[in-house]
Amino acid sequence: MSDPAQTATEEHLPAPHPGLSTPEVAERVARGDVNDVPVRSSRSTADIVRANVFTRFNAIIGVLFLIILVVGPIQDGLFGFVIVANTAIGIIQELRAKKILDSLAVIGEARPIVRRDGAPCPIPTSGIVLDDVIELGPGDKCVVDGRVLEADGLEIDESLLTGEADPVLKRPGDPVMSGSFVVAGGGAFAATKVGREAYAVQLAEEASRFTLVHSELRTGISQILKYVTWMMAPTAVGLIVSQLFIQDHDWREAVRRMVAGIVPMVPEGLVLLTSVAFAIGVIRLGRKQCLVQELPAIEGLARVDVVCLDKTGTLTEGGMDVSELRLLDGEGSGEKDREKSEAYVRQVLGALGKADPRPNASLQAIIDAYPAPDGPDGSDGPDGADRAAGKARATGPQWQCTDSLPFSSARKYSGAALRSPDGESATWLLGAPDVLLPAGDPALAHVEDLNAKGLRVLLLARATRGLDDPGVTDGVRPTGLVVLEQRLRPDAGATLRYFAEQDVSAKVISGDNAVSVGAVAAKLGLTGAEGPVDARRLPAEREAMGRALDEGAVFGRVTPQQKRDMVGALQHRGHTVAMTGDGVNDVLALKDADIGVSMGSGSEATRAVAQIVLLNNSFATLPSVVAEGRRVIGNITRVATLFLTKTVYSVLLAILVVCSQVPYPFLPRHLTLLSTLTIGIPAFFLALAPNKERAKPHFVRRVMRYAIPAGAIAGVATFAAYLLARHYYTGPGALDAETSAATLTLFLISLWVLAIIARPYTWWRIGLVLAMAAGFLVVLATPWLQHFFALKLVGRTMPWAAVAIAAVAAAVLELAWRWVDRRFPA
């Protein structure tokens, strides 16, 4: 026979809303009332093709290629085919990256719980229709606008939309905005606006979109290209006038040499190789189940010098185990009642667990250890099988939950008002001992001892006030300590060592007890873990907080707002900060950090705001992301120096030619050959090679400090060899001989620049330089290639003079390189 009190309570509880029926859903789909906003993880195929084909420099090269097709011969138009091949490579690589990103996005896509035909079922976000009933729990993001139907201590954070830091308590009838997320409690809401009508739908799109913006690397390259365009325009005009109107040779020859002077000024392959390097980085990380939601995140993490780690889910695995239940004075009386008292406390813990429909990891461990009581005497059953069965059953008629307070990371405790089998009503709290108890309480001594061993401790206490009383924690009576053992991630120690070796400071920031967090960090070998800091004692002023953070390594009892403040304080002191986390309490800090990293098993809200999602939930993947970023930045710096050296010497040669009123020394085919052997092929290999150099700022300055002197030396030396050849050779065919001597000089100097850029040497880098030299020798030694490229060294004196000039230039390059390192350190 049922308990009358329980029956009365159930009669007043509204029945859960069953949601839409299948015919109702079909009707709304037919009307178009579907949440059809495309949330893309990558650019569309059309965007990729457009971005690679329709560029400013491709337009310039395309026009010049058409001019060469008119005046001929075809070998002077080889640069056009090279551009086509390079653009195709860029498109193919980005499409490969898109394919991997899209597949990973499907794996990591949120699937909200929607009630259909009275049953909850997970569906894709795009499958939600108008009036759908969507269930909410801690960490869930509100994907559409709606109106609350059910609320059980439902607290929603709308700070990403409104800037209001405090969570908002929601009751039935209150509005819900898309883009907000649940921080505590649970409930359900009905969708009132879907698709593009939903508030903050752009926020939801931008949070998950693959983007190419906000990157120092790409911004720097754009800045360089802007300067190049300014230099190129007047120089090209001067060259056109010089070759077409001042020179007295055939107009077709003048046009060819004019085009030859303009084409090498364009560093067309630089943008391409940057995109290819990023795309291949995405592909490599994708194979390791790492979803890069924003492309510059690869670069950004390589620049990070402080990484903030949330202990739970990052250093430790999500699950925990109850290792001990320690009773405290307050329940039971004397040794003879100890067993009865422990059984009673287990029942209370089981009832508390059952009162929370969405338990966190700590409460789940308690539920596993102490299932909800089921039986007239409140026993848990005679053996483990009965205990497991009791976990699956409802709380039963013997225990009732009349009110509940869900766990909140800001409060650091949860609670419930329970009615025991004998009809006694009591309010129970479960949470952090040092939050529930006043300083100096004798129970805290036990807690400190346990925390020092790296154990997590929760206090079960009986409150004397109602859950809705702001002072509910005042005067609580401690009942027992639940000791939880955390599972350390086996790879966390190695990852922390990697960051230490790379001069990246690791800061463990947790809501748990500072001593406990410090003990866990110490087990993993984190430097500075022996001095944990209680965040409640940190100064609020940003500069002072930043100094304290620089000095410490482990911080406990950190509130969600404090996590955000700590990230801001570190950034204020000039640090580039990465934040890792998986809980809803990490969302604000993840959003503010330079790079946010979320675990794949983390809450929907954290995955939405993070730039990088580790779908395999492995903290050990982060070094791979750092390595990819360093590879991209270091290698693009190398190849950018090659490309811009060519631009500098091309502009300088054009200026010298205009001022001297001589024919331009090269045909387009000569510079296509030189660019292919000393820049194009080597740059492709160098851009994709391993590189562990720590990323450094000021990309433009670091590239130009080498490119300007190297280009100037190459231009002056080549022009000197050309003028010397013009005095040496006379008669018919002299211009071809002069061009060949200048080409030999410029190739040798460019090869030496490549040899400098390729340092430090490895076997394959040496092989790459030698292979390019061998390629040029093959052209000089093969008659049909000599004819094709119009290269023929005449005599011995001038070719050896060209070699001597190149040798002197190489020596000057070495001196200039060392002077630049001393005078303009990176």
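These figures come from a predicted structure and were not determined experimentally. (Residues numbered from 1 in each chain as written. Predicted model: local features only at pLDDT ≥ 70, side-chain atom pairs only at ≥ 80, totals over all residues. Heavy atoms only, no water.)

## Observations regarding the environment of Glu253
Rules: Strands here are runs of E lasting at least two residues and helices are runs of H or I lasting at least four, both read from the DSSP assignment and numbered beginning at the N terminus. Two residues form a contact once any of their heavy atoms are found within 4.5 Å.
The residue Glu253 is located in helix H9 (residues 251–262) in this model. For the pair Glu253 and Gly72, spaced 181 residues apart in sequence, the C-alpha to C-alpha distance is 9.4 Å. In this structure, Glu253 is in contact with Leu667 and Leu735, ignoring residues within four places of it in sequence.

## With respect to the layout of surface pockets
For clarity, the cut-off: Here the term cavity refers to a set of points on a 1 Å grid, laid over the protein atoms alone, in which a 1.4 Å probe fits but cannot get out; the term pocket refers to an open set having protein on both sides within 12 Å along at least five of seven lines, with lining residues being those that place an atom within 4 Å of a point. Grid points are joined across faces, edges and corners, and a volume is the space filled by probe spheres set on the points. Lys, Arg, Asp and Glu make up the charged group, whereas Ala, Val, Leu, Ile, Met, Phe, Trp, Tyr, Cys and Pro make up the nonpolar group; the residues left over, Gly among them, are polar.
For the second largest pocket, the calculated volume is near 1200 Å³. Lining the second largest pocket are 49 residues, with Asn360, Ala361, Phe407, Gly583 and Asn585 positioned closest to its centre. Mapped onto the lining of the second largest pocket, the elements with two or more residues apiece are strand E7 (181–193), strand E10 (316–327), helix H13 (361–369), strand E11 (400–408), strand E13 (425–431), strand E14 (456–463) and helix H22 (604–609). No other element matches H13, which puts four residues into the lining of the second largest pocket. The residue makeup of the lining of the second largest pocket, split by class, is 15 nonpolar, 22 polar and 12 charged.

## Re the confidence of the model for the chain
To keep it simple, the criterion reads: Per residue, pLDDT captures the predictor's confidence, and it can take any value from 0 to 100.
Put simply, the chain has an average pLDDT of 81, and 88% of its residues get 70 or more. When the criterion is pLDDT under 50, residues 203–213 qualifies, and its contacts beyond four places in sequence or with other chains add up to 39 contacts. Between residues 375–396, whose pLDDT stays under 50, and residues either more than four places distant or in other chains, the model counts 32 contacts.

## Looking at helix H18 (residues 514–523)
The cut-off we apply is this: Exposure categories follow from relative accessible area, calculated using a 1.4 Å probe and restricted to protein chains: below 20% of the type maximum is buried, above 50% is exposed, and the middle band is partly exposed. Polar contacts here mean pairs of N or O atoms no more than 3.5 Å apart (in protein, one a potential hydrogen donor and the other a potential acceptor; neighbouring residues in sequence count only if both atoms are side-chain atoms).
Of all 10 residues in H18, seven are buried, a share of seventy percent or more. Burial in H18 covers these residues: Ala514, Ser516, Val517, Gly518, Ala519, Val520 and Ala521. Where H18 begins, one side-chain oxygen reaches toward the backbone nitrogen of Val515, 2.9 Å away; that side chain belongs to Asn513. Where H18 ends, the next residue or the one after it, Gly525, has phi of about 85°, a positive value.

## Here's the deal with empty space enclosed by the protein
What the rule picks out here adds up to six cavities of 30 Å³ or more. Looking at the largest cavity, its volume works out to about 120 Å³. A per-class count over the lining of the largest cavity returns eight nonpolar, three polar and two charged.

## Quick word on the packing of helix H23 (residues 622–660) against helix H25 (residues 699–728)
The criterion, for reference: Every axis in this analysis is a line fitted to C-alpha atoms, fitted for helices over the stretch in contact. Angles between the N-to-C directions lie between 0 and 180 degrees. Should an angle fall under 35 degrees it is taken as roughly parallel, and over 145 as roughly antiparallel, whereas 65 to 115 is taken as roughly perpendicular and any remaining angle as oblique. What makes a crossing left-handed is the near helix being turned counterclockwise from the far one by less than a right angle; a clockwise turn instead makes it right-handed.
Contact pair H23 / H25: the axes reach a minimum separation of 7 Å and the direction vectors enclose 40°. With respect to their mutual orientation, H23 and H25 come out oblique. H23 and H25 meet at a crossing whose hand is right-handed.

## Re the side chain of Thr745
Relative to the elements of secondary structure, Thr745 occurs in helix H26 (residues 734–757). Residue class for Thr745 comes out buried when judged on its relative accessible area of 0%. A polar contact of 3.0 Å, which involves the side chain of Thr745, links it to the backbone oxygen of Ala741. Sequence-distant contacts of Thr745, defined by excluding residues within four places in its chain, comprise Ala717, Thr718, Ala721, Ala802, Ile805 and Ala806.

## What about the packing of aromatic side chains?
The line we're drawing: Note on ring pairs: Phe, Tyr and Trp rings are taken, using the six-membered ring of Trp, and paired if centres are within 6.5 Å. Classes follow the plane angle, with under 30 degrees stacked, over 60 edge-to-face and the rest tilted.
One pass over the structure, following the stated rule, counts 11 aromatic pairs. Their ring planes at 50° and their centres at 6.2 Å tell us that Phe719 and Tyr722 sit as a pair that is tilted. With Phe719 and Tyr722 both in helix H25 and three residues apart, this pair spans about one turn of that helix. What makes Phe719 buried here is its relative accessible area of 6%. A relative accessible area of 0% places Tyr722 in the buried class. Taken together, Tyr344, Trp399 and Trp428 form an aromatic cluster joined through their ring pairs.

## Here's the deal with a nonpolar patch on the surface
Put simply, the test is: Distance thresholds for patches are 9 Å for like charges and 5 Å for nonpolar side chains (Val, Leu, Ile, Met, Phe, Trp, Tyr), applied to residues having over 30% relative accessible area and no salt bridge. Accessible areas in this description were obtained via Shrake-Rupley with a 1.4 Å probe; residue shielding takes into account the shown protein chains only. Each salt bridge in this description consists of a side-chain nitrogen of Lys or Arg and a carboxyl oxygen of Asp or Glu lying within 4 Å of one another.
A cluster of nonpolar residues, Leu66, Leu69, Ile74 and Phe81, forms a patch on the protein surface that exposes about 400 Å² of accessible area. With respect to the helices and strands, Leu66 occurs in helix H4 (residues 56–71). The exposed category is assigned to Leu66, whose relative accessible area is 54%.

## Digging into the pairing of E14
Rules: Here, any two strands with at least 2 DSSP bridges between them count as paired.
Taken across its eight residues, E14 has eight buried, putting it largely inside the fold. Side-chain alternation along E14 places Arg456, Leu458, Leu460 and Arg462 on one buried face and Val457, Leu459, Ala461 and Ala463 on a second face that is also buried. Pairing between E13 and E14: five bridges, direction antiparallel. In the sheet register, Leu430 faces E14, and the bridge partner there is Leu460. Of the pairings in the sheet, the one linking E14 to strand E15 (residues 477–488) comprises seven bridges and is antiparallel in character. Bridge pairing in E15 links Val457 to Val483.

## As for the pairing of strand E16 (residues 505–509)
Of all five residues in E16, four are buried, a share of seventy percent or more. Summarising the sheet, E16 and strand E18 (residues 554–556) pair through two bridges and their orientation is parallel. When the sheet's bridge partners are listed, Val508 is paired in E18 with Val554.

## A few points about the sheet that holds strand E20 (residues 595–599)
Read across the open sheet, the eight strands follow the order E8-E21-E20-E19-E9-E16-E18-E17; overall the sheet is mixed. Among the strands making up the open sheet, the edge pair consists of strand E8 (290–292) and strand E17 (533–534). Two elements, E20 and strand E21 (residues 612–614), share three bridges in a ladder whose sense is parallel. Considered in E21, the bridge of Met599 is made with Leu614. Along the sheet, helix H11 (residues 296–303) contacts E8, strand E19 (577–581), E20 and E21; its crossing angle with E20, the most-contacted strand, is approximately 105°.

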